[in-house]
Amino acid sequence: MKVPLLITRLGIIAFKLIVALIVIFSILPLINGGLNVDIDETDDGQSSMDANSMRYDFPITITNNGIYDINDVTISFTIVDDDGNELVRGSTGNVDVPVGSEVELDFRMTINIDDLEDVKMEMVFNGTDLTMNLDVSAKYTMDLVNVGFQADTELTIGPFITNIQVHTYSVNLESEGSEHFMIVPYSFSCADMATGQDASVHTELSDNNGTMGNVTQQIELQSYTYDQTRVPITQEAYDRLIMGEYVNVAFSVNFLDCTSTVNGQFYYGGGSP
Amino acid sequence: MNFGEFDRKFVKLGDGLKSVVLHAVKYLVLPLFFVVFFSFFLMKMDTMETIGGIVSEMQPLVLIFGIVISAVGFFKGAYPKGSYSRLTFATAVAILTILYVWSLLLGGGLQEAVNDEIFELDLMSLFMLYMVGALFNTFLPLAEFIDHRHAWLERSEQVAPREKESADGHLWYHDFHLRYGSMFNGIVLSRRSANKFVIVPLIVIILLKAGLTSLDIDEIDALTSSLDDAYYVMLYLGLAITAISFFKGFYPKGSFSRFLPALIVVLISMYWVWTIGLEGKFVIDAADVVTFTLDYTGILLLMVCGTGLWGVYYAVELWTYRREWKEGGFQKDALEGEKKKKKVKRERKSKPTEEPIPPQQNVQP
């Protein structure tokens, strides 16, 4: 074979060999386990909230023992309701995972509570199922290969306040001089995510003659709250109570501007009901 | 008795023996080895016993056809290129080979056994693809005859030798004259292209599809459907490449008539690579919930560029061989190659053997 042809042929073969090696070296780590993604699934990730937002933290560790850098790793999410309306959108920034390194990516999903106005009521007291579109993308093999992974998963948010009860069998009447109070015990449960947050409880007593008294209290949420409210009642209401009558109680819990009310009735006072 | 071109005066025993050995290895020894080995191996496996039995039934067919083809192959090799005798025996070998392969299907028995014990595989489609290559082999002896006929008649002094063509007045489009072409080289290159771009890829697709279909998984329905699309695209592109490759091989190196078809083949091959690479995107959709996307357009474009570099190769080939081809009198490649081999043989024979130098003796004054 003539020399110029031989050189050209060798050049072509060398080029093709280089491309083949690029492909082989990009596949090998996948087979040997050189690329690893660990998601900390303990406690379903860490979650927290404040008055304005909810945060879900998923620490993701990406280990790259391959040949090429993994560039522009991006995790983004979109939360949509049942009608497909977009409620929340967010993403991590671009992260690079160089060769031989282990990078911990703090994937934080922050949901602004105001963005969930349409489903907030349902979310706080009953829980709501939303759809989360998760999108993961990255570049590999000298940015020649783009890998993408999209998944739709159901995301259940809430309920935060459950099992609201007013213990009408334990109500009591107290007097301090000319002032009279009805002691009404109540209880409810709270999700771990919401513990430590501020809420308010409102208790209103009424009878056939109208409102006897009401009170609003600010409380700090705990995983299980068992407490009582002191409802101030008027002297006339007190006099009626002593004689014996049915009392209606409306107990409300307000959290994140959402209110749920539980109604009850009890008989208090002398004489038979 | 004069048997014309079949006369034994034209027979070269040495060439005949070389030919019979080659044919025996290709059509008798190797197939027999594989048939015996696979039937023994398959019969040992519980799930493949039937196929092993079927394969062992091929042994007598391999023996009979192998011996017959080897015997005919002797005559094919013994007679010179360009003679009717060689054409006859070479065509007989090609037709016998087709019958040989057809007989190994055992009248559908092999198909049944494979379907029962492995997966649904259309052996008839595979045989039809084999037939494409076999048809080329059937025309090869005729092409060889056409290429070498005049040279053989010249050697046997039945026609006057052709005059060397002058390069004066020869323009680039004159390269397309049919007299410069070699049918044999054209068909050989066409067959090679058919194997590379049509037969082998389609066999791979048929086997892949049969294997994937046997898995019966919904998620790969899209993949098998894309294999169907790829099948037809590769068939049409492959046939185009095969057809144009004929002209690339037909015309000699250094001619524009070879360079231009070669360039067209390179361009189509680049598109072929792009298509076989699924245009750089691979998507798996699982139950409409999870989608995995692999975009390797960058790597695929590198492969396409690698294929495109062959255009440069053919340009260098044109530049390298053009002057030599012109000065050589615009010879066909097939005859040119033979002339070079004969020239080397003549030079080896004419070189005198060196006698050993005797040791120097001391001369007394």
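Bear in mind the structure is a predicted one, so any value in this text is a computation, not a measurement.

A.B. asks: Teacher, can you tell me more about the overall build of chain B here?
C.D. replies: Helix and strand counts for chain B come out as 11 helices and 2 strands. Moving toward the C terminus, one meets the helices and strands of chain B in the order α-α-α-α-α-α-α-α-α-β-β-α-α. Per-residue burial for chain B yields a buried fraction of 27% across its 365 residues. For chain B, the proportion of contacts with a sequence separation of at least 24, taken over those separated by at least 6, is 78%.

A.B. asks: Mind showing me how you'd approach the overall build of chain A here?
C.D. replies: Each helix and strand counted, chain A has 3 helices and 17 strands in total. Whereas a compact globule of 273 residues would reach a radius of gyration of roughly 19 Å, chain A reaches 31 Å, over 25% beyond that. Overall, chain A is about 120 × 35 × 25 Å in size when its C-alpha atoms are taken along their principal axes. Burial status across chain A gives 21% buried among its 273 residues. Look at the contacts in chain A between residues 6 or more apart in sequence, and 63% of them connect residues 24 or more apart.

A.B. asks: Would you mind going over the domain arrangement of chain B with me for this structure?
C.D. replies: By a widely used convention, the size of an interface equals the accessible area lost when the partners come together. Residue and element names in this part refer to chain B. Per the domain assignment, the segments of chain B are domain 1 (1-160) and domain 2 (172-335). Using C-alpha coordinates to define each centre, domain 1 is positioned 28 Å away from domain 2. Counting residues at the interface gives 17 residues for domain 1 and 20 residues for domain 2. Here the side of domain 1 that touches domain 2 is built from residues that sort into 11 nonpolar, 2 polar and 4 charged.

A.B. asks: Explanation requested: the domain arrangement of chain A in the structure shown.
C.D. replies: Residue and element names in this part refer to chain A. With domains assigned, chain A is organised as domain 1 (1-32), domain 2 (34-157) and domain 3 (161-268). Listed per partner, the contact involves 9 residues of domain 2 and 8 residues of domain 3. Taken together, the elements giving at least two residues each to the side of domain 2 that touches domain 3 come down to β2 (46-49) and α2 (120-125). Residue contributions to the side of domain 2 that touches domain 3 peak at 4 residues, all from α2. In the side of domain 2 that touches domain 3, the residues fall into 6 nonpolar, 2 polar and 1 charged.

A.B. asks: Sorry if this is basic, but what is going on with the confidence of the model for chain B here?
C.D. replies: Detailed reading of the predicted model is not advised wherever pLDDT is low. All names here are of chain B. Of the residues in chain B, 87% reach a pLDDT of 70 or more, and the chain-wide mean stands at 83. Mean pLDDT in chain B bottoms out at helix α11 (residues 333-350), which sits at 62, and peaks at helix α9 (residues 256-276), which reaches 93. Under a pLDDT of 50 for its full length, residues 354-365 has, in the predicted model, 0 contacts with residues more than four places off or in other chains. Across the interface, the model reports ipTM at 0.72; the global pTM reads 0.71.

A.B. asks: Just checking my understanding: could you explain the nonpolar core for this structure?
C.D. replies: One broad trend across soluble globular proteins is that nonpolar side chains are buried collectively. Counting 38 residues, the largest nonpolar core has Val124(A), Ile161(A), Leu205(A) and Phe255(A) as its most contacted members. There are two domains that each give this core at least three residues, and those are domain 2 (34-157) and domain 3 (161-268) of chain A. Of all hydrophobic cores here, the second largest spans 27 residues; its members include Phe136(B), Ile187(B), Val198(B) and Trp272(B).

A.B. asks: I would appreciate a short explanation of helix α6 (residues 123-155) of chain B in the present structure.
C.D. replies: Given 3.6 residues per helical turn, the α-helix brings residues three or four places apart onto the same face. All names here are of chain B. Helix length check: α6 (33 residues) gives 47 Å between terminal C-alpha atoms against 48 Å at 1.5 Å per residue, within 8%. Largest kink in α6: about 50°, centred on histidine 148. Among the residues of α6, Phe136, Pro141, Ala143, Glu144, Phe145, Asp147, His148 and Ala151 are the ones counted as buried. Just downstream of α6, glutamate 157 is the residue with a positive phi angle, here 55°.

A.B. asks: Even after reading the chapter, I still don't get the packing of helix α1 (residues 3-32) of chain A against helix α10 (residues 297-327) of chain B, so can you show me in this structure?
C.D. replies: Helix-helix packing is characterised by the crossing angle of the two axes and by the distance between the axes. Running from amino to carboxyl end, α1(A) crosses α10(B) at an angle of 175°, the nearest separation of the two axes being 9 Å. It follows that α1(A) is roughly antiparallel to α10(B) by the angle criterion. Contacts from Pro4(A), Leu5(A), Thr8(A), Arg9(A), Ile12(A), Phe15(A), Lys16(A), Val19(A), Ile22(A) and Val23(A) in α1(A) reach Ile299(B), Leu302(B), Met303(B), Gly306(B), Leu309(B), Trp310(B), Val312(B), Tyr313(B), Val316(B), Glu317(B) and Thr320(B) in α10(B). Of the residues assigned to the contact of α1(A) with α10(B), the class counts are 15 nonpolar, 3 polar and 3 charged.

A.B. asks: Explanation requested: α10(B) in the structure shown.
C.D. replies: All names here are of chain B. In this model α10 runs 47 Å from its N-terminal to its C-terminal C-alpha over 31 residues, within 8% of the 45 Å that 1.5 Å per residue would give. The principal kink in α10, of about 40°, is found at tyrosine 321. Among all positions of α10, only Leu300, Met303, Gly306, Thr307, Tyr314, Glu317, Tyr321 and Trp325 are buried. Once α10 finishes, glycine 329 follows within two positions and takes phi at roughly 90°, a positive value.

A.B. asks: Can you help me understand the pairing of strand β17 (residues 258-268) of chain A in this one?
C.D. replies: Here is the key point about a regular strand: its side chains alternate between the two faces of the sheet. Residues and elements named next belong to chain A. Both strand β16 (residues 245-255) and β17 contribute to a ladder of 11 bridges, which runs antiparallel. Bridge pairing in β17 links valine 247 to phenylalanine 266. Turn length for the β16-β17 hairpin, with the two strands adjacent in sequence and antiparallel, is 2 residues, and the turn residue leucine 256 shows positive phi of about 55°.

Cut-off values and rules
- Residues numbered from 1 in each chain as written.
- Chains lettered and ligands numbered in written order.
- Predicted model: local features only at pLDDT ≥ 70, side-chain atom pairs only at ≥ 80, totals over all residues.
- Helix = DSSP H or I, 4+ residues; strand = E, 2+ residues; numbered from the N terminus.
- Buried ≥ 20, exposed ≤ 12 C-beta atoms within 10 Å, placed from the backbone.
- Contact = placed C-beta atoms within 7 Å.
- Rg over C-alpha atoms; globule rule 2.2 N^0.38 Å.
- Domains from an automatic or database assignment.
- Nonpolar A, V, L, I, M, F, W, Y, C, P; charged D, E, K, R; others polar.
- pLDDT = per-residue confidence, 0-100.
- Core = buried A, V, L, I, M, F, W, Y, C linked by C-beta atoms within 7 Å.
- Expected span 1.5 Å × (residues − 1).
- Bend = angle between axes of the 7 residues up to and from the residue.
- Axes fitted to C-alpha atoms, helices over the stretch in contact; angles between N-to-C directions.
- Parallel < 35°, antiparallel > 145°, perpendicular 65-115°, else oblique.
- Pairing = 2+ DSSP bridges.

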